[in-house]
Amino acid sequence: MDRILLDQNWEFRQADTGSWMPATVSGTVHTDLLANKVIEDPYYRLNERQVQWIDKEDWEYRTRFVIDRAILAKEHIDLVFYGLDTYAEVYLNDEQILQADNMFRTWRVNGKGYVKEGNNLLRIRFLSPVNEGLKKLQAHGYPLPASNDQSEVGGLGDQRVSPFVRKAPYHFGWDWGPRLVTSGIWRPITLEAWDEARIRDLHVITKMVGHEQVDLEAHFTVLASEKIRLDARIYADTMLIHEGKLTLMPGENPIRVPVSIRQPELWWPNGMGGQKVYRIRVVVGQGKEIADETEVTTGLRTLRLVQDPDPDGTGKSFYFEINGVPVFAKGANYIPNDVFLTRVTPDRYEYIVRSAAEANMNMLRVWGGGIYEDDLFYDLCDDYGIMVWQDFMFACSMYPGDDAFLESVRLEAADNVKRLRNHPCIVLWCGNNEIENAWAEWDENRGWGWKQLYKSEQRAAIWEAYDTLFHKILPAVVAEHDPAVTYWHSSPSAGLGQLAGYDTKSGDMHYWGVWHGLNPFSDFRKYRARFMSEYGFQSFPEFNSVKRYTLPVDYDIESEVMMSHQRSGIGNLRIRQYMEADYTIPEDFEQFLYVGQLLQAEAIKMAIECHRADMPYCMGTLYWQINDCWPVASWSGIDYYGRWKALHYFVKEAFKPVALVMDGNEGKVQVHIVSDLPETRQAVLTMKIMTFEGQELWKESLPVDIPARSSSNYYEKEITGYDIGKTVLVASLAAEGVFNDTGLHYFTQPKYLKLADPGITVEIGVKGDAFEVTLASTSLAKNVFLTAEGYGGQFSDNFFDILPGEKVKVTFPKSGNLEEFKDHLKIMHLQQTL
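Residues numbered from 1 in each chain as written. Predicted model: local features only at pLDDT ≥ 70, side-chain atom pairs only at ≥ 80, totals over all residues. Heavy atoms only, no water.

Asker: Sorry if this is basic, but what is going on with the pairing of strand β33 (residues 681-691) here?
Answerer: As a general feature of sheets, a regular strand has side chains that alternate between the two faces. The pairing of β33 with strand β34 (residues 696-706) spans 10 bridges and is antiparallel. Along β34, the bridge assignment pairs valine 684 with proline 703. The hairpin turn running from β33 into β34, its antiparallel successor, is four residues long, and glycine 694 in that turn takes a positive phi close to 105°. The pairing of β33 with strand β36 (residues 727-735) spans eight bridges and is classified as antiparallel. Paired with isoleucine 689 across the strands is leucine 729, a residue of β36. (Pairing = 2+ DSSP bridges. Helix = DSSP H or I, 4+ residues; strand = E, 2+ residues; numbered from the N terminus.)

So, in structure tokens, the structure goes:
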């Protein structure tokens, strides 16, 4: 097969007006307008408001490409559009060949008879997604709920069109994102020409895993032009694992071939083993002549979602089992890395996935208000051992139920399940985000108040559409194309027909009592989940990030710009409300941002520790969220510019394979030890109470046996007779050559700690390809925060405490010379904010 990538010589314009301008494919209208200096950066200050006109216009793209006689002579010529956003009329040499209406589909068009030898003109007219959505809204006869559609920002009043348009829901706005409704060629376009045969839809299914051999089945379809007999070879990496003959009839020929790999290397989640992926390649042809070949990468592993009834019959487990081993899922929810998707580079993808792995995560949930991600994202999750909970792209809305919409969704789902099913990282297909609980069909007193807005016949129609889509169409697609992976109908859910709540004992839970409910952080201890798939707390980006989208006049959390870069209406002031309970509120803007990050980090650390300590009742914790799609105050642990917040550093510690969890209340401290290790370990637990100046007041050590994959309470102590504002409990856990963990527990909130100037000393040198910073203090230095303005990269640790008499060494990627780095290094600590 000959493949030609059509990514050159593109130009665009507002439809039927103006001159043509250079365009980048893959790209969007917004990014092309920005590149041509027609608009200013929509992320800067309030510029988002100035570009709302773009989504209400039609746009044209065109390119010319050359086809030679050899290509034209091929029996089949297809044009493949891997992503058109969203309503697109496609013309080849002025003849329409496609009418596209779904951003998530791959469109394959027969180009034979339309292409010609020599120059060819490909033109695409993108219709306004807003105007098309308004037509569908009007035709529907009544609106559908769409809680996060920021129609007012878009100048539409209460006309929320997002449920009717099959494009990324977050483009219409969310409570952490702007409203920037894009159009454009967001994934590649190729021309494919072939003669005898073409292979499609290769699916490698693991049938049996053994120590010496893994048995697989390769499923694929061969399209043949005529009756023909071809050789077929299948390789695993460079190893030939099958050789045979295929007798093909004209049209589609489904093929199933059993194959085996001897001495296999299994795929494991991060922290549990290796992440070997095999390249499985299928070649068909005659002798050395290759008619077509295709390959996928896959990993060898077994997978189960275990939902066994509890012995007392009150609930069911909810956990993933890989290769027969139960896995405690540690991770976060993931959203797209940018509103303008084509700006997400391979390096950016790897940075986010690697950051997850470095923080000891083993799962990301690809949330249903974004996109089915780029192939590279899943390749990286395979490589780094990050399991993926994959939502279908439906979130916080109800959807129409007409035949055309439902068929479009069925094809969308099939396209993406077939595209992604070979990735060992995919462990769950989930129908939607939060819609089951929002509508709450089975309880008139539950839900978000949606169903009460409609007449009885409208309610019945809306629910029928939901039931058809999420209980029939999507599970059928998964059953047909990826039956080895479980379909879960909605998140959260206690099971089909059972709404999730804070007291349910099955399924997964979203806990938002902290933040939305204004509940105290201690409530993370109160509500137990079998699998906590959402919870969170907000913070601001650090000051160096905020400066990139603001001016000094904006340095106030209630300024118009800072409020615009906060899409949870309660957000900025909610952060202040919670801060008042635990911290002295700084008057300085930069310090306020810093303390806000500490607040977020402590909240999520507490939640994670509660969930891990509750193992095996709870077997997963995914906080909201790891990343951002624009510069904003949000729930993220990594800001839009890639800077790790305090949260991500704290998560790295909280998700360690062996971790100390300390909890204190009513004058008593408990010390838990949580282990993800596959075997029992002997260790020494040492605890001491010391003053902030380093005086040791009490100490005790004891040997402990830590069972494999366990959580237990190992020690309790009554705390009396100490000045709780001047003392800290220091616990350390050591198993020589295996792990060494230290944790600190303070007996009161940070605002009541009697912190003195810690007298920090700093030594900076070079160690290999990194700068090494060594810090020490004469008294407790709490939450030491290092920044290096103008430098890219992360410190190996940050926001840490320094005990008197101890040295802390951290590294930073070396760039430039040492003296310049010293000049740009800045240190902040909590005592400075008092």
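Structure shown, so let's carry the discussion forward.
Asker: In this structure, what is going on with helix α5 (residues 375-384)? I would like to understand it.
Answerer: The α-helix advances 3.6 residues per turn, and as a result positions three or four apart in sequence lie on the same side. All of the buried residues in α5 are Phe377, Tyr378, Leu380, Cys381 and Asp382. Once α5 finishes, glycine 385 follows within two positions and takes phi at roughly 75°, a positive value. (Buried < 20%, exposed > 50% of the residue type's maximum accessible area, 1.4 Å probe, protein only.)

Asker: I'm lost on the pattern of salt bridges in this one. Help?
Answerer: Taken as a whole and assessed by the stated rule, the structure comprises 55 salt bridges. Among the ionic pairs, glutamate 653 bridges to lysine 656, the shortest N-O distance being 2.9 Å. We note a salt bridge from glutamate 819 to lysine 822, for which the minimum N-O separation is 3.5 Å. With glutamate 819 and lysine 822 both in helix α14 (residues 818-824) and three residues apart, the pair spans about one turn of that helix. Glutamate 819 gets classed as partly exposed once you look at its relative accessible area, which sits at 48%. Given a relative accessible area of 32%, lysine 822 falls into the partly exposed group. Among the charged side chains, a network of salt bridges with common partners joins Arg3, Asp78, Arg108 and Glu192. (Salt bridge = Lys/Arg side-chain N within 4 Å of Asp/Glu carboxyl O.)

Asker: Looking at this structure, how should I read unusual backbone geometry?
Answerer: Note: most residues except glycine have negative phi, and most peptide bonds are trans. At the junction of valine 25 and serine 26, the peptide bond is cis and its omega measures out at 10° in the coordinates. Summarising the element assignment, serine 26 is placed in the loop between β3 (21-22) and α1 (29-35). Of the consecutive residues methionine 615 and proline 616, the connecting peptide bond is found in the cis state with omega at 10°. The topology assignment puts proline 616 in the loop between α12 (589-613) and β30 (620-623). A positive phi is found at arginine 709, a non-glycine position, where the angle reads about 45°. Considering the arrangement of structural elements, one finds arginine 709 in the loop between β34 and β35 (710-718). Here arginine 709 falls in the partly exposed class, since its relative accessible area comes to 35%.

Asker: What exactly am I supposed to notice about the environment of tryptophan 53 here?
Answerer: Counting through the fold element by element, tryptophan 53 comes out in the loop between α1 and β4 (59-67). Leaving out residues up to four positions away in the same chain, tryptophan 53 has contacts with Gln14, Leu33, Ile39 and Trp59. A polar atom in the side chain of tryptophan 53 sits 3.4 Å from the backbone oxygen of glutamine 50. (Contact = heavy atoms within 4.5 Å. Polar contact = N/O pair within 3.5 Å; in protein donor to acceptor, adjacent residues only side chain to side chain.)

Asker: Is there a simple way to explain the sheet that holds strand β42 (residues 807-813) in this structure?
Answerer: For sheets, the rule is that strands pair by backbone hydrogen bonds, running either parallel or antiparallel. Taken in spatial order, the three strands of this open sheet run β38-β39-β42, and their pairing is antiparallel. Bordering the open sheet on either side are β38 (761-767) and β42, each of which pairs with just one other strand. Going across the sheet, the axis of each strand differs from the next one's by a mean of 25°, ignoring polarity. (Axes fitted to C-alpha atoms, helices over the stretch in contact; angles between N-to-C directions.)

Asker: Where do I start with the sheet that holds strand β37 (residues 739-746) in this structure?
Answerer: Strand order across the open sheet formed by four strands is β34-β33-β36-β37, with antiparallel pairing between neighbours. Only two strands of the sheet have a single neighbouring strand rather than two, namely β34 and β37. Averaged over neighbouring strand pairs, the angle between their axes works out to 15° when direction is ignored.

Asker: Before we go on, may I ask you to explain the packing of aromatic side chains in this structure?
Answerer: Within this structure, the stated rule accounts for 64 aromatic pairs. Ring centres of tyrosine 511 and phenylalanine 524 lie 5.8 Å apart, and the angle between their planes is 70°; on these two criteria the pair is classed as edge-to-face. Here phenylalanine 524 lies in the loop between β28 (509-510) and β29 (532-534) and tyrosine 511 lies in the loop between β28 and β29, a separation of 13 residues in the sequence. Of the two residues, tyrosine 511 and phenylalanine 524, neither departs from the other in class, the shared state being buried. With 5.9 Å between their ring centres and 75° between their planes, tryptophan 512 and tryptophan 635 make a pair best called edge-to-face. Of the two residues, tryptophan 512 is situated in the loop between β28 and β29 and tryptophan 635 in the loop between β30 and α13 (646-654); the sequence distance between them amounts to 123 residues. With respect to class, tryptophan 512 is no different from tryptophan 635; both count as buried. Through a chain of ring-to-ring contacts, the aromatic side chains of Phe394, Tyr399, Phe405, Trp442, Trp463, Tyr466 and Phe470 assemble into a single cluster. (Phe/Tyr/Trp six-rings, centres within 6.5 Å; stacked < 30°, edge-to-face > 60°.)

Bear in mind that shape data such as this cannot, by itself, settle questions of function.
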